[in-house]
Amino acid sequence: MAKPVKKVVVTGGGGQIAYSLLFRIANGELYGKDQPVELSILEVPQGVESLKGLVMELDDCCFPLLHKVRYDSDPRKMFEGAEAVFLVGAKPRGPGMERKDLLLENGKIFVDQGKALNECAAKNVLVLVVGNPCNTNCLIAMHHAPNIDPSRFHAMTRLDQNRASYQLAHKAGVHLDDVTHMIIWGNHSSTQVPDFHNARIKGKRASEVIHDKNYLEKEFFQIIQQRGAEVIKLRGKSSAASAANAALGAMRSLLFGAKEGQFYSSGVFSKNNPYGIRGDLIFSFPIQSHNDKFEIVKGMEITPFLKAKLELTEKELLEERDAIHHLLK
Ligand code: NAX
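Residues numbered from 1 in each chain as written. Predicted model: local features only at pLDDT ≥ 70, side-chain atom pairs only at ≥ 80, totals over all residues. Heavy atoms only, no water.

To continue, consider the overall build of the chain. Helix and strand content of the chain: ten helices and 14 strands. For the chain, the C-alpha radius of gyration of 19 Å lies close to 20 Å, the compact-globule estimate for 329 residues. When the backbone C-alpha atoms are referred to their principal axes, the chain occupies close to 55 × 45 × 40 Å. Total accessible area computed for the chain in this model is approximately 15200 Å², and 52% of it derives from carbon and sulfur atoms. If the 42 positive side-chain charges of the chain are averaged to one point and the 38 negative ones to another, these points end up 1 Å apart. (Helix = DSSP H or I, 4+ residues; strand = E, 2+ residues; numbered from the N terminus. Rg over C-alpha atoms; globule rule 2.2 N^0.38 Å. Areas by Shrake-Rupley, 256 points an atom, 1.4 Å probe, with all protein chains shown as cover. Lys, Arg positive; Asp, Glu negative; His and termini not counted. Charge placed at Lys NZ, Arg CZ, Asp CG, Glu CD.)

Structural data, given as structure tokens:
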């Protein structure tokens, strides 16, 4: 007998990340090749018309698992019964716009969407916030959805994790599968902390394989922290296919867990975290999931170098939270 259809929502449907993401979900790359899906695509009112062309393309792919596609500018309609939600849609930073202005502009979007999720989504919905600044947007959405367990809200740091894993594998000359435990701490921004100390290459600490301390502490950090900006400089547009790929991977980890003995990075509510980070932020930690429950992995070694970096990214997140505190009322 066919499985019941899973309801998946992607916001920012007219944007470039959604253009990569939607086709992969429809092709069974989120839930698997035996799971029918229904897609609901949210856009701003002026962007809805162009979604007709996107939906024509989805139809023309003849995806056997794609049960139905809906699109609209009303989050309440789109979130109805949703089980997996990718909050991708957000405004880009315009010319001369400060990060603080972007926080305020995009923050308002996540107030409304948080409320709509609270009212309309399935109670066990999983929400992955991609739209930037994703940690703080996630905090806002979570805050306005008190009926949904906070552990269901995640901000995406998987792209940063993937970038860091690739760089370590490349530098060490090993296969990607040989790099494990690669964790991003903190904010998805240039203060993020790609933790080479706890990362493993063929089971050993990365620093036991890559002996160049200067590379690990300076160059590696800079490559990862600036990777998004570098892609924009060269491509003229921000990362899209790699972001969609990371979003799929992140949601799959939330749905199905990591491989035995491994974990992954995700921005989660920091309340009662075991690393002394302030408890009212969305902060990226190492995460393990068991039976649909998410836990911050305990016992990671925090060196003085890491501690100083964690303080910087925590400070930035506190500043972001202070800038939008009125949206948390
Ligand atoms: P685009 O500008 O191509 O698309 C964004 C789309 O969102 C537009 O079609 C816009 O109309 C729509 N939108 C705006 N407000 C909306 C609302 N209230 N409801 C529904 N849709 C709305 O951006 P794209 O390249 O797709 O990137 C989307 C977001 O992802 C951006 O905020 C971007 O900064 C962020 N990213 C996050 C990453 C991460 O790792 N967390 C990496 C990639 C990316 O930079």
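Turning next to the pairing of strand E3 (residues 66-72). Strand direction decides the pairing type here: strand E2 (residues 37-42) and E3, joined by six bridges, are parallel. Among the inter-strand pairings, Glu 38 is bridged to a residue of E3, identified as Lys 68. (Pairing = 2+ DSSP bridges.)

Neighbouring the ligand are 23 residues, the closest being Gln 16, Ile 17, Glu 43, Val 130 and Asn 132. Separating an oxygen atom of the ligand from a backbone N or O atom of Gly 15 is a distance of 3.4 Å. Contact with the protein chains removes 81% of the 880 Å² of surface that the ligand exposes when unbound. At the level of elements, helix H1 (16-26) and helix H4 (99-120) are the ones that each hand at least two residues to the shell around the ligand. Each residue belonging to the shell around the ligand can be placed in one class, and the counts come to eleven nonpolar, eleven polar and one charged. (Near = heavy atom within 4 Å. Polar contact = N/O pair within 3.5 Å; in protein donor to acceptor, adjacent residues only side chain to side chain. Nonpolar A, V, L, I, M, F, W, Y, C, P; charged D, E, K, R; others polar.)

Tallied over the entire structure, the rule returns ten aromatic pairs. With 6.1 Å between their ring centres and 80° between their planes, Trp 185 and Phe 285 make a pair best called edge-to-face. Of this pair, Trp 185 sits in strand E8 (residues 183-185) while Phe 285 sits in strand E13 (residues 282-290), and the two are 100 residues apart along the sequence. The residues Trp 185 and Phe 285 share a single accessibility class, namely buried. An aromatic cluster is built from Phe 196, Tyr 215, Phe 220, Phe 221 and Phe 305, whose rings are joined through pairwise contacts. Over the ring of Tyr 215 we find Lys 171, and its NZ or CZ is 4.3 Å from the ring centre. (Phe/Tyr/Trp six-rings, centres within 6.5 Å; stacked < 30°, edge-to-face > 60°. Buried < 20%, exposed > 50% of the residue type's maximum accessible area, 1.4 Å probe, protein only. Lys NZ or Arg CZ within 6 Å of the ring centre and 35° of its normal.)

Moving on: the nonpolar core. The biggest cluster of nonpolar side chains holds 73 residues, and the ones touching the most others in it are Phe 86 and Leu 168. With eight residues, helix H9 (residues 241-256) is the single largest residue contributor to this core. Every residue in contact with Leu 168, bar those within four places of it in the chain, is listed here: Val 179, Met 182, Ala 199, Ile 201, Ala 206, Ile 210, Leu 216 and Phe 220. The next biggest cluster of nonpolar side chains, apart from the first, holds 32 residues, and it includes Leu 87, Ala 121, Ile 140 and Ala 155. (Core = buried A, V, L, I, M, F, W, Y, C linked by side-chain atoms within 4.5 Å. Contact = heavy atoms within 4.5 Å.)

In this section: the packing of H4 against helix H5 (residues 134-143). Here H4 crosses H5 at 35°, and the two axes come no closer than 7 Å. The way H4 lies across H5 gives a crossing that is right-handed. Note on element contacts: H5 touches H4 through Thr 136, Asn 137, Ile 140 and Ala 141, opposite Leu 103, Asn 106, Gly 107, Phe 110, Val 111 and Gly 114. Residues of the contact of H4 with H5, tallied by class, amount to five nonpolar, five polar and no charged. (Axes fitted to C-alpha atoms, helices over the stretch in contact; angles between N-to-C directions. Left-handed = near helix turned anticlockwise from the far one by under 90°.)

Bringing unusual backbone geometry into the picture now. Omega for the peptide link from Asn 132 to Pro 133 comes to -10°, which places this bond in the cis form. Non-glycine residue Cys 62 carries a positive phi angle of around 50°. Mapping Cys 62 onto the fold places it in the loop between helix H2 (48-60) and E3. By relative accessible area, Cys 62 is classed as exposed at 62%. Positive phi, close to 55°, is recorded for His 181, a residue that is not glycine. Turning to its location among the elements, His 181 is positioned in the loop between strand E7 (179-180) and E8. Overall, the relative accessible area of 21% leaves His 181 in the partly exposed class.

Attention now goes to the environment of Asp 112. Among the secondary structure elements, Asp 112 is positioned in helix H4. For the pair formed by Asp 112 and Asp 149, sequence separation is 37 residues and the distance between their alpha carbons is 18 Å.

Neither face of strand E4 (residues 84-87) is exposed, since Ala 84 and Phe 86 on one face and Val 85 and Leu 87 on the opposite face are all buried. Pairing of strand E1 (residues 6-11) with E4 involves three bridges; the strand directions are parallel. Residue pairing in the sheet places Val 9 in a bridge with Val 85 of E4. The pairing of E4 with strand E5 (residues 126-129) spans four bridges and is classified as parallel.

Mapped onto the fold, Ser 265 is located in strand E12 (residues 264-269). The buried category is assigned to Ser 265, whose relative accessible area is 2%. Polar side-chain contacts of Ser 265 include one of 2.9 Å to the backbone nitrogen of Ile 184. Residues in contact with Ser 265, not counting those within four places in the same chain, are Thr 157, Gln 161, Met 182, Ile 183, Ile 184, Ser 284 and Phe 285.

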